[in-house]
Structures are given as structure tokens and as C-alpha cells.
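So the chains spell out like this:
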Amino acid sequence: MRGMLVITQVALALVLLASAGLLLKSLQKLISVDPGFKTDHLLTLEYRIPRNNYPKGIQQTRFHEQVVSKVAALPGVESAADIRALPFSGNNASRIISFPDRAPAPAGAPWIVGYNAVSPAYFSTVRMPLLEGRFFTPAEGPDSPRVVIISRSFEEKFWPRQKALGRQVFIPKADSDATSAADLVPATVVGVVPGTKQDSLTEPEAPQLYAPYAQDPFIFATLVVRTKGDPMSLAHDVQRAVWSVDRDQPVWKIRTMDSLIALSVRNRRYVIFLVGCFSMVALVLAAVGLYGVLAYSVTQRRAEFGIRLAIGAEPGQILSSVVKSGLRLTLIGLTMGCGMALLLTHFLRTQLYEVSGSDPAVYGVSCALLLCVGLLAAVLPAHRASRVDPVIALRQE
């Protein structure tokens, strides 16, 4: 029964160690995912201008342009830009689109794509590379022909094996949700950029479309600032720059882009921390249990070891015998644990990213760690058994 308890402890420890290893490997893969732009040295903050004070689109556009200009001129700032729905901020938007050179989408399944309005410097501020065409320019205002920049996934979905530059797509009018075809206006594709993650690092790349803020003004915006040093060190200066345009303008959610990325994987980190703590406790219990069983066995077999040594057994043989007993229990526990882990880690599949629940490397490292712990737990009782004095052992009998 003591042996079965140790085997069970080892098996449960392996289940928890393997689970923690799978989650940790998954997190490492997740945080190495390219979101589509450079997240370092980016300060972000949100603001919403009062529509009563800025009722017209041209007034809203002018306010955004003044804010970006004031912030970009600050010492320590490389560039600044506005975006309506910043990735990983919890904000997002989508739009219904259509095309002039193809039949409309079915009534029950319209073409819907991710949508964002940005100022001209946004792509250079977040260092998003240009794959084809050009970026927006300040000259593209409300009276200019509508233009858009699309993601590579947009191009591959709607114009597979074709070039999208110069083609037209019907998009909603400014400040419109496009509930009918009459709300759509033509826009020309002038650039192609890589796809970005909008809500989480695990989401698949979806078609995205960008429009100039000046051609689709809105009262809400997120300011994105690329700094030369620590972004948060410029937070107060950026706030004052916004207030220099309008002293009553509230701003909120002043965060770095790296912190937003970290926030998106926060729940996974908590799960890893909890499972890791449980696995360490299980590891200690398995080691203590194995040590206790072997130490008690050595005490019970003290006379036997004395007799063996008295009739010529070598201390090394006694040590080897006890260590083998400990390793046998550990190996049986590892075998059981592998089977249990393969069954139970199935429930972790929603927490795993590009990692198999039966990853051989994770299981190998977990088994090796437990084997080392089992060996260490067995060595001390084995060493004590090999040093039994035959005379004293027999005299006690």
C-alpha cells in the first residue's frame, strides 16, 4: 500500500508537470507570434471629442491633425498617429463591402471585413511594412477621391493570384454602417500591407481594410506615439500636448502597446502559474513520499542488511538494491502518469497554441525531472543501508 501511494504521487506529479510544460511551451509560442507591426516603444491613449463642440467632420479631422502634430513635435517622440480601433485595445470595427466587377454577395451572407480609419503616419509609426503601392498622404481629404489600403489576406481572398493595386471596392460612406447598397461609395486600392492581429495573438489573419481618417472622420480616436526611450516617461507630456489643443479634452487608457499584448495573454499566464505551483507541490510530495517509504523499508530491513554484509555482501550491492527499489516505484509511477496525462491534457486543448497535447519533448523533460527527483530521494536511504554495522544490527536483534 505504501508503494502504491508513492506510485500514485509520482503519476499525479507527472500529470501536473506535463500540463505545466505544455502550457509554458504554448505561451512561448504565443508571445513569439508576429502581430503584424513593431510593438516596442509605443505609447497609446484614447480620447473622444465632444460632438457638440465639433459637429462637422472637417472640425473633427482638424482636431485630430492638430493633436498628432503637437505630439509629434515633442522631444523624445519619433512619430505620432491616430487610429480608430487600436489592435489589442478591445476596440474593433467591420464593414460591409462589395465590388463593381462582380455580382453582389448573397443577401444572407454579405462580404464583411475588418475596418480601420488611420492618419497618414500610422503605418510608419507602428513600423508596418508596405508590400505594394503607397501609404496615405495628407492631401487625401474629404473632397478627394476615396482611397483604401488593404491587407495581404484581403487581396488573397478577393483577388487570388491577382494584383489589387488600382482596383476598386465599394465601402460605406463616411460615418455610415452601410445597411444598403445606396450607402456604399467606390474607393481605389492604393497600397497593400501585411495582416495584423486585432483582438488576440491566437486569431487567424482576417481581411482588413484601412481608410484615411480625413475621409471618414469620427469623434473617437486612439493616439499612437513612437518614442525614443521609455514610452511611459512621456505620458504627461503627451497629455499636455492634447490639452494644448483643447484644455477640456479628457484622455484615458494611457498604456504601452507591449502592456496591451501582455494583457491579452494574462489569463494564460495565470493558468500556467497555478498549474506550475501545483506541480511543484506534487513534485515535493512525490520526493518526500518516496524517501519516507525507502527510509522506513531500510529501518525494517536493518537486520537483513547486517546479515548480508556479515556474510560478504559489498556495500555497493546494498546501495544498488535500495536505489533500484526506489527507481522501480518511480518508473511504474511514470508509466501510469504518462497514460493519465495523455487523457487529461485533452481538456487543456483550448489553452494550447500550436502545441500538441502529446508533445514528446515536454513529456521527456517531465519524466527526466521526476526520475532525477526519485533517484535523489532514494540515494540517502540507500547510503544509510550500505553503512549498516553488522555487529550492531545483529546485537539489536
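Everything in this summary refers to the structure shown in the same document. (Residues numbered from 1 in each chain as written. Predicted model: local features only at pLDDT ≥ 70, side-chain atom pairs only at ≥ 80, totals over all residues. Heavy atoms only, no water.)

## With respect to the overall build of the protein
Where we set the bar: A helix here means a DSSP run of H or I that spans at least four residues, while a strand means a run of E at least two residues long, and both kinds are numbered starting from the N terminus. Burial classification: accessible surface area is computed with a 1.4 Å probe over protein chains only, and a residue below 20% of its type maximum counts as buried, one above 50% as exposed, and the rest as partly exposed. Any two residues having at least one pair of non-hydrogen atoms within 4.5 Å are treated as being in contact. Computed by Shrake-Rupley with a 1.4 Å probe, the accessible areas treat only the displayed protein chains as cover when residues are assessed. Asp and Glu count as negative and Lys and Arg as positive, but His and the ends of the chain are not part of the count. Where a charge sits is defined by one atom per residue type, namely NZ (Lys), CZ (Arg), CG (Asp) or CD (Glu).
Helices and strands together make up the secondary structure of the protein, namely eleven helices and eleven strands. Its C-alpha atoms give the protein principal-axis dimensions of roughly 105 × 50 × 35 Å. Taking all 397 residues of the protein together, the buried fraction comes to 47%. Taking all contacts inside the protein whose residues are at least 6 apart in sequence as the whole, residues at least 24 apart take part in 80%. Within the structure as shown, the protein displays about 19600 Å² of accessible surface, and the carbon and sulfur contribution to it stands at 60%. When the 40 basic and 30 acidic side-chain charges of the protein are each reduced to a single mean position, those positions are 7 Å apart.

## Points about the packing of aromatic side chains
We apply this condition: Each Phe, Tyr or Trp ring, with Trp reduced to its six-membered ring, pairs with another whose centre is within 6.5 Å; inter-plane angles below 30 degrees give stacked pairs, above 60 give edge-to-face pairs, and intermediate values give tilted ones. Lysine and arginine charges are scored as sitting over a ring when NZ or CZ, respectively, is within 6 Å of the ring centre and within 35 degrees of the ring normal.
Following the criterion strictly, the structure yields 13 aromatic pairs and no others. Seen in terms of ring centroids, Phe123 and Phe135 are 5.1 Å apart; in terms of plane orientation they differ by 5°. Their pairing is stacked. Taken as a pair, Phe123 in helix 3 (residues 122–125) and Phe135 in the loop between strand 5 (132–133) and strand 6 (147–151) lie far apart in primary sequence, twelve residues in all. When its relative accessible area of 24% is taken as the criterion, Phe135 is described as partly exposed. Here a set of aromatic residues connected by ring pairs shows up, and it is made of Phe99, Trp111, Phe154, Phe158 and Trp159. Over the aromatic face of Phe99 sits the side chain of Arg102, whose NZ or CZ is 4.3 Å from the ring centroid.

## What to know about the pairing of strand 9 (residues 208–212)
Our working rule: The pairing criterion for strands is at least two bridges between them, as found by DSSP.
Burial analysis of strand 9 places five of its five residues in the buried class, the great majority of the element. Covered by surrounding structure in strand 9 are Gln208, Tyr210 and Pro212 together with Leu209 and Ala211, the residues of both alternating faces. The pairing of strand 4 (residues 111–118) with strand 9 spans five bridges and is classified as parallel. Along strand 9, the bridge assignment pairs Gly114 with Gln208. As judged from the two bridges shared by strand 6 and strand 9, these two strands associate in the antiparallel manner. When the sheet's bridge partners are listed, Ile149 is paired in strand 9 with Tyr210.

## Notes on the packing of helix 1 (residues 2–31) against helix 9 (residues 315–344)
For clarity, the threshold we go by: All axes are obtained by fitting lines to C-alpha atoms, using only the stretch in contact for helices, and the reported angles, taken between N-to-C directions, cover 0 to 180 degrees. Here the word oblique covers every angle except those under 35 degrees (roughly parallel), over 145 (roughly antiparallel) and from 65 to 115 (roughly perpendicular). By definition, any crossing whose near helix is turned counterclockwise from its far helix by less than a right angle is left-handed, and any crossing with a clockwise turn is right-handed. We call Asp, Glu, Lys and Arg charged. Ala, Val, Leu, Ile, Met, Phe, Trp, Tyr, Cys and Pro are nonpolar, and the rest, Gly among them, are polar.
Remark: helix 1 packs on helix 9, axes separated minimally by 7 Å, with the N-to-C direction vectors making an angle of 45°. Classified by the angle between their axes, helix 1 and helix 9 sit oblique to one another. Taken as a pair, helix 1 and helix 9 cross one another with a handedness that is right-handed. Together, Gly3, Val6, Ile7, Val10, Ala11, Leu12, Leu14, Val15 and Ala18 of helix 1 and Leu329, Thr330, Ile332, Gly333, Leu334, Met336, Gly337, Cys338, Met340, Ala341 and Leu344 of helix 9 make up the contact between the two elements. Tallied by class, the residues present in the contact of helix 1 with helix 9 amount to 16 nonpolar, four polar and no charged.

## Observations regarding a nonpolar patch on the surface
Basically, it comes down to this: Only residues above 30% relative accessible area that lack a salt bridge enter a patch, with like-charged residues linked at up to 9 Å and the nonpolar side chains Val, Leu, Ile, Met, Phe, Trp and Tyr linked at up to 5 Å. In the sections that follow, a salt bridge refers to a side-chain nitrogen of Lys or Arg positioned within 4 Å of a carboxyl oxygen of Asp or Glu.
A cluster of nonpolar side chains, contributed by Phe273, Leu274 and Phe278, occupies part of the molecular surface with about 360 Å² of accessible area. Here Phe278 is to be found in helix 7 (residues 266–300).

## Some details on helix 5 (residues 235–245)
The following threshold applies: Regarding the arc, it is the one traced by the directions from the helix axis to the C-beta atoms.
Every buried residue belonging to helix 5 is among Ala235, Val238, Gln239, Ala241 and Val242, and all of these are buried. Summarising the axial view, the buried residues of helix 5 lie within an arc of 160°, below the 170-degree limit, and thus occupy one face. Here the buried face of helix 5 lies against strand 1 (42–48), helix 2 (57–72), strand 10 (220–227) and strand 11 (251–256).

## Description of unusual backbone geometry
One non-glycine residue, Phe88, lies in the positive phi region at around 70°. As for its placement among the helices and strands, Phe88 is situated in the loop between strand 2 (77–83) and strand 3 (94–97). If you check the backbone angles, Arg161 has positive phi at about 60° while not being a glycine. For Arg161, a relative accessible area of 84% gives the class exposed.

## With respect to the pattern of salt bridges
Pairing is possible between side chains of opposite charge, provided their charged atoms come close. Considering all chains together, one arrives at twelve salt bridges under this definition. Between Glu46 and Arg255 there is a salt bridge; the shortest N-O distance is 3.7 Å. Of the two residues, Glu46 sits in strand 1 while Arg255 sits in strand 11, which places them 209 residues apart along the sequence. Judged by its relative accessible area of 3%, Glu46 is buried. Arg152 serves as the salt-bridge partner of Glu155, at 2.4 Å between the closest nitrogen and oxygen. Here Glu155 and its partner Arg152 are both found in helix 4 (residues 152–158), three residues apart, which amounts to about one turn of the helix. One salt-bridge network, in which partners are shared between bridges, spans Glu132, Arg152, Glu155 and Lys163.

## Focus: the nonpolar core
The criterion, for reference: Nine residue types can take part in a nonpolar core, namely buried Ala, Val, Leu, Ile, Met, Phe, Trp, Tyr and Cys, and a core is a set of them joined through side-chain atoms within 4.5 Å.
Ranked by size, the top nonpolar core spans 36 residues in total, and within it Tyr122, Phe123, Phe136 and Tyr210 carry the most contacts. Elements that contribute at least two residues to this core include exactly helix 1, strand 2, helix 3, strand 6, strand 8 (184–193), helix 6 (257–264) and helix 7. Considering each element in turn, this core owes the most residues, five residues, to helix 1. Residues contacting Phe123, with those up to four places away along its chain left out, are Val118, Met128, Phe135, Phe136, Ile149, Val193 and Tyr210.

## What to know about the state of the cysteines
The cut-off we apply is this: We call a pair of cysteine sulfur atoms a disulfide when they lie within 2.5 Å.
Throughout the structure, instances matching the rule amount to zero disulfides. Cys367 takes part in no disulfide bond, and the closest cysteine sulfur to it belongs to Cys338, at a distance of 3.8 Å. Since its relative accessible area comes to 18%, Cys367 is described here as buried. You can see Cys372 has no disulfide; the closest cysteine sulfur is in Cys367, sitting 11 Å from it.

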